[in-house]
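Architecture and fold: a report
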Amino acid sequence: MREELEIRNKADIDDRYPIISIIGRPNVGKSTLFNRFLGKRVAITDPTSGVTRDPIPKKYLLGNNPVTLVDSGGVKVDMEGLDYKVSEKSLSLCPVSSLILLVMDATEVTGEDMMLLEHLRPYSDKLILVVNKIDDETRRDLLWHFYSYGYQRVVGISAAQCLGFEELEETMMGMLSLEEQEEEPEEGESLKIAILGKPNTGKSTLMNVLTGRDISIVSDIAGTTRDVMEGSFEYKGNDFTLLDTAGIRRKSKVEEAVEYYSVNRAIKTIEEASVVFLMIDAKEGLADQDKKIAELIVREGKGIILVMNKIDLLSGIHNEEKAIEDRIRFLFPVLSFAPVVFISAKNKKGITRLLDTAIKLSRELETRVDTSVFNDALKAWTSKVEPPRGKEGHYKVLYGTQVSSSPVRFLLFVNRIKGFPDAYISYIKNMIREDFGFADIPVEISLRERRRNPSLYQNGNNKEEVEVKKIINENKDRKKGLSKGKRGGVGNKAKISRQREKAKKIVKEKKTRKS
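Being a predicted model, the structure only gives us computed values, none of them experimental. (Residues numbered from 1 in each chain as written. Predicted model: local features only at pLDDT ≥ 70, side-chain atom pairs only at ≥ 80, totals over all residues. Heavy atoms only, no water.)

**Here's the deal with the packing of helix α1 (residues 30-38) against helix α5 (residues 165-175)**
Packed helices, taken two at a time, are described by the angle between their axes plus the distance between the axes. Direction vectors running N to C along α1 and α5 enclose 85°, while the axes themselves pass 13 Å from each other. The angle between α1 and α5 places the two elements in the roughly perpendicular class. Packed against α1, whose contacting residues are Leu-33, Arg-36 and Phe-37, the element α5 presents Phe-165, Leu-168, Glu-169 and Met-172 at the interface. By residue class, the composition of the contact of α1 with α5 is five nonpolar, no polar and two charged. (Axes fitted to C-alpha atoms, helices over the stretch in contact; angles between N-to-C directions. Helix = DSSP H or I, 4+ residues; strand = E, 2+ residues; numbered from the N terminus. Parallel < 35°, antiparallel > 145°, perpendicular 65-115°, else oblique. Contact = heavy atoms within 4.5 Å. Nonpolar A, V, L, I, M, F, W, Y, C, P; charged D, E, K, R; others polar.)

**Points about the nonpolar core**
Among the nonpolar cores identified, the biggest contains 74 residues, and Leu-33, Leu-101, Leu-168, Leu-206, Phe-277 and Trp-381 are the most heavily contacted of them. If near-sequence neighbours (up to four positions away) are discounted, Phe-277 is found in contact with Ile-193, Ala-194, Ile-195, Leu-196, Leu-206, Leu-210, Ile-305, Val-307, Leu-354 and Ala-358. With 26 residues, the next largest nonpolar core counts Ile-293, Ile-324, Phe-337 and Val-340 among its residues. (Core = buried A, V, L, I, M, F, W, Y, C linked by side-chain atoms within 4.5 Å. Buried < 20%, exposed > 50% of the residue type's maximum accessible area, 1.4 Å probe, protein only.)

**Digging into the sheet that holds strand β17 (residues 408-414)**
The three strands are arranged β16-β17-β18 in an open sheet whose pairing can be described as mixed. The open sheet terminates on both sides in strands that have one partner only, identified here as β16 (397-404) and β18 (443-449). In this sheet, neighbouring strand axes are inclined to one another by 25° on average, regardless of whether the strands run parallel or antiparallel. Summarising the sheet, β17 and β18 pair through seven bridges and their orientation is parallel. (Pairing = 2+ DSSP bridges.)

**A short note on the sheet that holds strand β3 (residues 56-62)**
Spatial ordering of the open sheet is given by β3-β4-β2-β5-β6-β7, a layout of six strands whose pairing is mixed. Strands with a single pairing partner mark the edges of an open sheet, and in this sheet they are β3 and β7 (154-156). Shown here is a sheet whose adjacent strand axes are inclined to one another by a mean of 25°, direction ignored. In this structure, strand β6 (residues 127-132) lies alongside β7, joined through three bridges in parallel fashion. Of the residues in β7, the one forming a bridge with Val-131 is Gly-156. Docked against the sheet, α1 engages β2 (19-23), β3, β4 (65-71) and β5 (99-105), running at close to 155° with respect to β4.

**Description of the confidence of the model for the protein**
Overall, the prediction assigns the protein a mean pLDDT of 80, with 73% of residues at 70 or greater. Least confident of the elements in the protein is helix α14 (residues 478-486), whose mean pLDDT is 45; most confident is strand β13 (residues 340-342), at 96. Under a pLDDT of 50 for its full length, residues 43-51 has, in the predicted model, 33 contacts with residues more than four places off or in other chains. (pLDDT = per-residue confidence, 0-100.)

**Remarks on the packing of helix α11 (residues 371-384) against helix α12 (residues 422-436)**
Remark: α11 packs on α12, axes separated minimally by 11 Å, with the N-to-C direction vectors making an angle of 130°. When the axes of α11 and α12 are compared, the pair comes out oblique. Between α11 and α12 lies a crossing whose hand is right-handed. Here Val-373, Phe-374, Ala-377, Leu-378, Trp-381, Thr-382 and Lys-384 of α11 come into contact with α12, specifically with Tyr-424, Tyr-427, Ile-428, Met-431, Ile-432, Asp-435 and Phe-436. (Left-handed = near helix turned anticlockwise from the far one by under 90°.)

**A short note on the environment of Asn-415**
Tracing the backbone shows Asn-415 in the loop between β17 and α12. Sequence-distant contacts of Asn-415, defined by excluding residues within four places in its chain, comprise His-394, Tyr-395, Lys-396, Leu-398 and Glu-449. In this structure the side chain of Asn-415 is engaged in a polar contact, spanning 2.9 Å, whose partner is the backbone oxygen of His-394. One polar contact links the side chain of Asn-415 to the main-chain amide nitrogen of Lys-396, over a distance of 2.9 Å. (Polar contact = N/O pair within 3.5 Å; in protein donor to acceptor, adjacent residues only side chain to side chain.)

**Regarding α1**
α1 sits mainly inside the fold: seven of its nine residues count as buried. Turning to α1, the residues buried within the fold contact β2, β3, β4, β5 and α5. Within two residues after α1, Gly-39 carries a phi angle of roughly 75°, on the positive side.

**Considering the side chain of Asp-113**
Position of Asp-113 among the secondary structure elements: in helix α4 (residues 111-119). Ignoring sequence-local partners within four residues, the contact set of Asp-113 consists of Arg-25, Met-104 and Glu-108.

**Focus on the packing of aromatic side chains**
Using the criterion set out here, one finds 15 aromatic pairs in the structure. Both rings, one in Phe-374 and one in Phe-436, keep their centres 6.3 Å apart while their planes meet at 45°; by these two values the pair is tilted. Linking Phe-374 in helix α11 with Phe-436 in helix α12, this pair joins segments that are 62 residues apart in sequence. Summarising the burial analysis for this pair, Phe-374 and Phe-436 share the class buried. On the numbers, 6.1 Å between centres and 75° between planes, the contact of Phe-410 with Phe-438 is edge-to-face. Residue Phe-410 is found in strand β17, and its partner Phe-438 is found in the loop between α12 and β18; the two are separated by 28 residues along the sequence. Classification of Phe-410 as buried rests on a relative accessible area of 1%. Given a relative accessible area of 0%, Phe-438 falls into the buried group. Its end group placed over the ring of Tyr-395, Arg-416 keeps NZ or CZ at 4.2 Å from the ring centre. (Phe/Tyr/Trp six-rings, centres within 6.5 Å; stacked < 30°, edge-to-face > 60°. Lys NZ or Arg CZ within 6 Å of the ring centre and 35° of its normal.)

**Re the environment of Phe-436**
Take Phe-436: its relative accessible area is 19%, and that puts it in the buried class. The sequence separation of Phe-436 and Arg-368 amounts to 68 residues, and the corresponding C-alpha distance is 9.1 Å. Look past the residues within four positions of Phe-436 in its chain and what remains in contact with it is Thr-367, Val-369, Val-373, Phe-374, Ala-377, Trp-381 and Met-431.

Written out as structure tokens, the structure reads:
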């Protein structure tokens, strides 16, 4: 039951702000218009008909007033199968919208256009007829024809060329009774979660269960979801934002350009999210493609939960889930830290544990360790297990600090980086997880070598003197000259003097070039 999940659903489209929906038949430029408003490529654009399927809501500042802008799938006359679901979702936006942008192509009016003109007539008081592809002055005359359809507000634009947007935005603000604001409003924090995985692992089903709305179209057809779908809900006082993505297949399997862009968008969400749900079919188990996705997530330092979906299809053998988890740990030890959660999105089982785990990972990602506390622990760890010895002597960890949270990264200063044992870095990493509560998230450690000649900067040496000494130290003949000079060789003392004069000259030339 949903009540047992303690989830407070929000509208699938943020209705705190005016909702502006972009409606039209396929290939009239809806997604191009949507992207132009947002100033970036959010919706996939392609000449292929029916690229956009699910409505894509995004926050947009109209004169610094927050509104919810929604791109929609193309509405078709012959609505069958998937086309019917897409058209139905698009048209369902009309009653809830504060403003409708009906987009038409200036160069062609079809039967689908005529159907939409009649279907949307009851909403004429909140509709702007946006005539797209007025790309130059020769097409301006085409605009007059569209006034004959009986709509009061007709605006000609070119989404591709960014023409006519000022007039369009002024019309939109007037209809919504908005005034230009000087400052942008502040946004509240939300735990952002991306749902990734292969096609047909139940990503969209989980999205709809958590949000309580049919945000993403669910179908047995692989690749149904193309754009990144966004939804939100509240759980135990925490605001969640979910990003449902396209199924990621191997490159060799990707043939269509649209799917290529869908996969790229899905991978891009790893950067945007704090935690990633990697959806895996529990019956099929972890595949090579899942491992590659997981490696990308770990590389970005994001929290990752291995979500084993479809447990309702398992045989029900005793300890079957434990056996599946053990196999994952054996086949992919790199993810030994990542939590494994078994669910059935279809039957709404395991959802509470999944969300509790996501909150736990989020808190770990935000944890900061004080530098003094970290160095006290570091001293204890290195005393307990000393770094091994190399050809040039013992490796030493001198001190360290946490340089960032979310992702969690530490920096260790060592006596030398070359050949520093990976096994010892793993030891330090495991101790960090154990002692500081980073048990379930990726931890990255970088090494930096301590400055070799700190004496150069002591005793009040100025920058010029330091530069001179640095150049002398880098001279290939330095060792030979100094060793003979110590024995009192007059010729070598003169050689060192000449090196010093030459170094001073180089420093002086550098200063002249800078000035």
